[in-house]
Protein chains: 2
Amino acid sequence: MKKHNFSAGPCILPQEVLQKASEAVLNFNNDNLSLLEISHRSKPFVNVMENARSLAIELLGLEGKGYKALFLQGGASMQFLMCAYNLLDKKAAYLNTGTWSDKAIKEAKLLGEVVEVGSSKDQGFTYIPKGYEIPSDVNYFHCTSNNTIFGTQMKSFPETDVPMICDMSSDIFSRQLDFSKFDLIYAGAQKNMGPAGTTLIVIKEDVLGKVNRAIPSMLDYKVHLSKDSMFNTPAVFPIYVSMLTLEWLKNLGGIPAIEKINEQKAALLYTEIDRNPLFKGFVATEDRSNMNATFALTNESLKETFESMLTEAGINGLNGHRSVGGYRASMYNALPLESVQVLVNVMQSLEKKAY
Amino acid sequence: MKKHNFSAGPCILPQEVLQKASEAVLNFNNDNLSLLEISHRSKPFVNVMENARSLAIELLGLEGKGYKALFLQGGASMQFLMCAYNLLDKKAAYLNTGTWSDKAIKEAKLLGEVVEVGSSKDQGFTYIPKGYEIPSDVNYFHCTSNNTIFGTQMKSFPETDVPMICDMSSDIFSRQLDFSKFDLIYAGAQKNMGPAGTTLIVIKEDVLGKVNRAIPSMLDYKVHLSKDSMFNTPAVFPIYVSMLTLEWLKNLGGIPAIEKINEQKAALLYTEIDRNPLFKGFVATEDRSNMNATFALTNESLKETFESMLTEAGINGLNGHRSVGGYRASMYNALPLESVQVLVNVMQSLEKKAY
């Protein structure tokens, strides 16, 4: 039986994507060669790379708007460093909404001054700061759109004249936004886009070339752009699986179609968390993430019973992050509504058992 | 029909490894979940990482000698930068034996003074410089053990008191060496170890911590070591396939066993290149690589005939690098002797046809 996989990332991918990926490991493109053993400069793989790059731009609605996509290695953690290396000349503004913002700030501080324009650290990152001001003399404003660990999500983004950078690792391709508000978007693949090992970077080219420092080749967006994301051997398999996932999303109807499903899933689960007296949510209601719902039992003595019921129902990956505890239901694009229904059913069965 | 795959990298992997990798994409560890959709912090994947790290140390004969292994993203190109970031305080010595050394030197120069102790650039990198001297006041000596593009290989390494760093991307695990001579070894996986997307780094821990600069987290070997190569989400699939390939090598008898086969393959091909009047090798005989044999036709008018015979025989990936031309037969660990025999047969058939 296939499990209901609520894992926070790496996480569930569409079954048809896994099927195609598995086949490509044995025989790719009907060439009697594995995808893993062909040159990355061969025509079939160059096509994969170009297709993945253009699908990302297309799905985000950024065609013809001066943006280009890269698939690089190193995860969002490497982007914490790269975005500062390429764009932080003197001073940058950061919004601190959790562990990932915190880490991004730490790396940026090595390269310039960081103004923390807002932070929810005082209340354990359980809300999104609002009403903050972004100074006009900063090189950019950086934020994290969704916080996997705490389960908060930015529902709106500030209006500002400075370039905007956004770490969208855990909610890219999940909801409609005006992506052209951002000058640089990055996202580790392992949530809504593919397996671990590749990172999507979407750059408005005219934002580059404004710092004076010498940038090492592998950290330089311009170098990667000039080589069409092939400056060195790319992560072939993770990029191929990302391409398949983006194709799956396009065939489904793109972001507008998946957004509807994601809203249904989130509504179903949050309604139950709010209704069921055995559960409570962790974060401010208006800032709840549609990707990662964090919650806890109101009565810890039911823990063992609840968890054996989850296992019984084939539910996987519901443990909260070690720094938060409780439960976290990650409802990324590939998670079917049906899986959320199974979880809600277990929550309701627990209630019946308890009273 | 499975092809004879002489691709320079990404390149041929053992068929049994591809089979297991393909299965794991659908169902890993009999858990009814894909390897791509489980948490990298889950026990099954932590086991994969630990197994891959310890197999690397074991196969290199470095157990109990103060070494640790990491599997990081970014390829050897990122290591050009990282090794300098972590170890280059003032001055380092580099041996320039080709494109990859050249690139490593370029990145190191951003961080300190580089002394090029030897170079074969004057003759198009067709030989390995000898008799060079390594100054005693450098932080380290850096070399590239095998040059994929030109087809040369270092058959011996200098005796020196300074730390030795070696880029072994294209010949690691292919021949017996006293690996404890080196303080830092790195290798992109996509030749003898696995698919593109992960890089093995083997470090003697006591060589670290001697530079004063602030090192960004993702570039800091100490950070990665302190987190057992899991500072951030690792490239799950490429590391799993690398682990499978290292297991395959261990079961085969390790480096001593594969070295014998690699020597047979190289002897078979080089003997034919030297014997057959229609072919000539590109590089100095004593510096020929056992991994990448570069050669050309002595009579260019036979090009079309030769290449259609290669296709006919199911031979793939024999084109020389675009900067060198001619042919390059890459004979990595997973390439069977039989494939080299098929290539030699084609070379002999061409000779019969031509005379």
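To be clear, the structure that these remarks concern was listed above.
What comes next concerns the included structure. All residue numbers refer to position in the chain's written sequence, counted from 1. Chain A is the first chain written and ligand 1 is the first ligand written, with later ones labelled in order. Restriction of local features to residues with pLDDT of at least 70 applies here, the model being predicted, together with a cutoff of 80 or more for giving and counting side-chain atom pairs; totals for whole chains, interfaces and linings are based on all residues. Computation of side-chain values: all heavy atoms of the structure, hydrogens and water removed.

1. Focus on the relation of the copies chain B and chain A
Here the copies are matched by least squares. The fit uses the C-alpha atoms of residues with pLDDT of at least 70 in both. Superposing chain B onto chain A takes a rotation of 180 degrees plus a shift of 0.0 Å along the axis, which leaves an RMSD of 0.0 Å. Considering both components of the superposition, the chain copies are consistent with a two-fold axis. Residues of chain B ranked by C-alpha distance from the rotation axis are headed by S22 of chain B, positioned 2.3 Å from it. By residue overlap, the copies meet face to face through one surface: 100% of the interface positions of chain B are interface positions in chain A. We call two residues in contact when some of their heavy atoms are within 4.5 Å.

2. Points about the environment of Q264 of chain A
Along the chain, Q264 of chain A turns up in helix α7 (residues 254-275). Along the chain, Q264 of chain A and D161 of chain A lie 103 residues apart, while their C-alpha atoms are 35 Å from each other. For the purposes of this entry, the term helix denotes a DSSP run of H or I that reaches at least four residues, the term strand denotes a run of E that reaches at least two, and both are numbered from the N terminus.

3. Considering the interface of chain B and chain A
With 60 residues of chain B at the contact, the number on the chain A side is 60 residues. Regarding the contact of chain B and chain A, the summed buried area is about 4,600 Å², with carbon and sulfur atoms giving 58% of it. The three residues of chain B that bury the most area against chain A are L26, L36 and E37 of chain B, which together make up 14% of that side's buried surface. Salt bridges are counted wherever a side-chain nitrogen of Lys or Arg sits within 4 Å of a carboxyl oxygen of Asp or Glu. For the interface between chain B and chain A, the tally reads 2 salt bridges. Among the salt bridges present, the one from E37 of chain A reaches K2 of chain B, with a minimum N-O distance of 2.6 Å. Whenever a nitrogen or oxygen atom comes within 3.5 Å of another N or O atom, the pair is scored as a polar contact, on the condition that within protein one atom can donate a hydrogen and the other can accept it, and that pairs from neighbouring residues in sequence are kept only if both atoms are in side chains. Viewed at the interface, chain A and chain B are joined by 16 residue pairs in polar contact (both at pLDDT 80 or more). Listing elements by their share of the side of chain B that touches chain A, those giving two or more residues are α1 (15-26), α3 (75-87), α4 (99-108) and α6 (236-252) of chain B. Think of it as three bins: nonpolar holds Ala, Val, Leu, Ile, Met, Phe, Trp, Tyr, Cys and Pro, charged holds Asp, Glu, Lys and Arg, and polar takes everything else, Gly as well. Tallied by class, residues from the side of chain B that touches chain A come to 30 nonpolar, 21 polar and 9 charged. Defined in terms of a 1.4 Å probe, buried area is the accessible area two parts forfeit on being brought together, summed over both.

4. Things to note about the state of the cysteines
Disulfides are covalent bonds that link the sulfur atoms of two cysteine residues. Any pair of cysteine sulfurs within 2.5 Å is marked as a disulfide. Going through the model one piece at a time under the given rule, you end up with 0 disulfides over all chains. We note that C166 of chain A lacks a disulfide partner, and the nearest cysteine sulfur, in C143 of chain A, lies 3.9 Å from it.

5. Remarks on the nonpolar core
Working definition of a nonpolar core: buried Ala, Val, Leu, Ile, Met, Phe, Trp, Tyr and Cys residues. They are joined through side-chain atoms within 4.5 Å. Between buried and exposed lies partly exposed: a residue is buried under 20% and exposed over 50% of the maximum accessible area for its type, with that area taken using a 1.4 Å probe on protein chains only. Core analysis: the largest hydrophobic core is formed by 126 residues, its most contacted members being F141, F173 and F237 of chain A together with F141, F173 and F237 of chain B. F173 of chain A has contacts with A56, L59, L60, M193, L200, L246, L249, I255, I258 and N333 of chain A, leaving out every residue within four places of it along the chain.

6. Structural notes on the sheet that holds strand β4 (residues 113-119) of chain A
Residue and element names in this part refer to chain A. Strands sit in the order β2-β10-β9-β8-β5-β3-β4 across an open sheet of 7 strands; the sheet is mixed. Looking at the sheet topology across the chains shown, the edges are occupied by β2 (67-72) and β4. Taking the axes of each pair of neighbouring strands and ignoring which way they run, one obtains an average angle of 20 degrees across the sheet. With 6 bridges connecting them, β2 and strand β10 (residues 199-204) associate as antiparallel partners. Residue pairing across strands places F71 opposite L200, the latter belonging to β10. The strands touched by helix α3 (residues 75-87) within the sheet are β2, β3 (91-96), β5 (141-144), β8 (164-167), β9 (184-188) and β10, with β9 carrying the most contacts at an inclination of about 160 degrees. Packing against the sheet, helix α4 (residues 99-108) makes contact with β3, β4, β5 and β8, and its axis sits at approximately 165 degrees to β3. Each pair of strands is called paired provided DSSP finds at least two bridges between the two strands. Every angle, taken between N-to-C directions, lies between 0 and 180 degrees, and every axis is a line fitted to C-alpha atoms, over only the stretch in contact when it is a helix.

7. Thoughts on α1 of chain B
Residue and element names in this part refer to chain B. Counted at 1.5 Å a residue, the expected span for α1 with its 12 residues is 16 Å, and the 18 Å between its end C-alpha atoms agrees. Every buried residue belonging to α1 is among V17, L18, A21, S22, A24 and V25, and all of these are buried. For α1, the buried positions fall inside an angular range of 160 degrees around the axis, keeping them on one side. Here a helix's expected span is defined as the number of its residues, less one, multiplied by 1.5 Å. Taking the helix axis as origin, the arc is that swept by the directions to the C-beta atoms.

8. Looking at the pairing of β9 of chain A
All names here are of chain A. Counting buried positions along β9 gives 5 out of 5 residues, so the element sits mostly inside the fold. Bridge count for β8 against β9 is 3 bridges, and the pairing is parallel. Following the sheet pairing, I165 is matched in β9 by L184. Bridge analysis of β9 against β10 gives 5 bridges, and the strand direction is antiparallel. Across the sheet, residue Y186 finds its bridge partner in β10, namely I201.

9. Description of α4 of chain A
Given 3.6 residues per helical turn, the α-helix brings residues three or four places apart onto the same face. Residues and elements named next belong to chain A. For α4, the full list of buried residues reads S101, A104, I105, E107 and A108. Seen from one end, α4 has its buried residues packed into an arc of 165 degrees, which puts them on one side. Here the buried face of α4 lies against α3, β3, β4 and β5.

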